[in-house]
Amino acid sequence: MFQRDFFKITALYTVGILITLSACWLLLGLALPDAKLDLLQTLTSVFGINLPNDMPLNLDTEARIASVVAIIAVMSIGLVILNVFFSAVITARFIRPRVDLILSKRGVLSTLWNAAMPYVLVRMSNFYPADLVDVTLAIALTVEETHIVDGKEDTFRTYFSIDQFTPQRILVMEQRMPWSIAVPGDVLLANSKTRNYPFRPGKAIVDSVAKEGVRPARVRRCLQILIQGTDARSYSHFVIHKNINVDEQDGMNYNLLLHKGIFKSLPMRISERTELEQYA
């Protein structure tokens, strides 16, 4: 099954070639009025123009010869560029599907999802007109810290991989079905530099990734979510990256960027994208 854009791009490509060939025919007609070239002959030869033997050519000046060669060369290069451009567009549009997988713009810090632990929830749904299969997720917490060193600001970013979230894999993501990504909201994270970094959104940030026992001047944290899968209609792979802001702190002023509570309960199929942003 062809996608709708296939016909649009093919039509533009065809029009571009016809315009280029017509421009070549008109310009050659101006440069060689004695040749009496017709459009059919020019289109048939496709720039390898075989002029008739009985045509009274008068290429008596170097400028006229140069103009004929330049016209053919420029138009040939134009066709090559046009072909390369549209080949790239077709590859980008049809080998890589334009998946419409959306996430809520804001996450929720909920203690109702699991009574034993708070969770950061993010809503997700597939608004693409086909199912998505073998969808896998990867999530990392990014911590951007700013320290004051010798009166100057020193900012860096650190990544912590999160493994205890759900779901990590969805076999079939049906159309317009809401999903909830659940990330633990009270967990110790680690990387090659830091062994036990506390991720507890809703509480002031007192631990620094850079130096133990030092409070950063400013901190901003967010969840980076990488979603990969296959479009069941075209059997092509897709990759989607989203950021969900968690919290920020400037000095002692802490600001939670998540909504406290829980998402509103939704039916098995939703009709509007805005339903993902409804909170209870």
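As a reminder, the structure under discussion sits directly above these lines.
Residues numbered from 1 in each chain as written. Predicted model: local features only at pLDDT ≥ 70, side-chain atom pairs only at ≥ 80, totals over all residues. Heavy atoms only, no water.

1. Thoughts on the overall build of the protein
Phase 1: Across its full length, the protein carries 3 helices and 13 strands.
Phase 2: A buried classification covers 38% of the 280 residues belonging to the protein.
Phase 3: Intrachain contacts of the protein at a sequence separation of at least 6 include 65% that bridge at least 24 residues.
Phase 4: Here the protein displays about 16,200 Å² of accessible surface, and carbon together with sulfur accounts for 58% of that area. (Helix = DSSP H or I, 4+ residues; strand = E, 2+ residues; numbered from the N terminus. Buried < 20%, exposed > 50% of the residue type's maximum accessible area, 1.4 Å probe, protein only. Contact = heavy atoms within 4.5 Å. Areas by Shrake-Rupley, 256 points an atom, 1.4 Å probe, with all protein chains shown as cover.)

2. Digging into the packing of aromatic side chains
Phase 1: Following the criterion strictly, the structure yields 2 aromatic pairs and no others.
Phase 2: For the pair Phe 160 and Tyr 197, a centre-to-centre distance of 4.9 Å together with 10° between the ring planes defines the contact as stacked. Taken as a pair, Phe 160 in strand β5 (residues 152-162) and Tyr 197 in strand β9 (residues 197-199) lie far apart in primary sequence, 37 residues in all.
Phase 3: A ring pair is formed by Phe 263 and Tyr 279, whose centres lie 5.4 Å apart and whose planes are at 25°; its orientation type is stacked. Of the two residues, Phe 263 sits in the segment after β13 (259-260) while Tyr 279 sits in the segment after β13, which places them 16 residues apart along the sequence.
Phase 4: For Phe 263, a relative accessible area of 5% corresponds to the buried category. (Phe/Tyr/Trp six-rings, centres within 6.5 Å; stacked < 30°, edge-to-face > 60°.)

3. Points about the pairing of strand β11 (residues 237-250)
Phase 1: With 13 bridges connecting them, strand β10 (residues 218-231) and β11 associate as antiparallel partners. Residue pairing in the sheet places Arg 220 in a bridge with Glu 248 of β11.
Phase 2: Counted between consecutive antiparallel strands, the loop separating β10 from β11 contains 5 residues, among which Tyr 235 sits at a positive phi close to 60°.
Phase 3: Judged from the 4 bridges that link them, β11 and strand β12 (residues 253-256) form a sheet pairing that is antiparallel. In the sheet register, Glu 248 faces β12, and the bridge partner there is Asn 255. (Pairing = 2+ DSSP bridges.)

4. Notes on the nonpolar core
Phase 1: Among the nonpolar cores identified, the biggest contains 38 residues, and Leu 101, Leu 223 and Ile 227 are the most heavily contacted of them.
Phase 2: Broken down by element, the residue count for this core peaks at 6 residues, all from strand β4 (residues 132-149).
Phase 3: When neighbours within four sequence positions are excluded, Leu 223 is seen to be in contact with Val 120, Ile 139, Ala 140, Leu 141, Ile 162, Val 183, Phe 199, Lys 242, Asn 243, Ile 244 and Val 246. (Core = buried A, V, L, I, M, F, W, Y, C linked by side-chain atoms within 4.5 Å.)

5. Brief notes about the pattern of salt bridges
Phase 1: Scanning the entire structure with this criterion turns up 8 salt bridges.
Phase 2: Among the salt bridges present, the one from Asp 247 reaches Arg 221, with a minimum N-O distance of 2.7 Å. Highlighted residues: Asp 247 in strand β11 and Arg 221 in strand β10, separated in sequence by 26 residues. There is no split in this pair, since Asp 247 and Arg 221 are both buried. (Salt bridge = Lys/Arg side-chain N within 4 Å of Asp/Glu carboxyl O.)

6. Here's the deal with the pairing of β10
Phase 1: Bridging between β4 and β10 involves 13 bridges; their strand directions are antiparallel. Looking at the pairing, Ile 139 lines up with Ile 225 of β10.

Read these as geometric descriptors, not functional statements.
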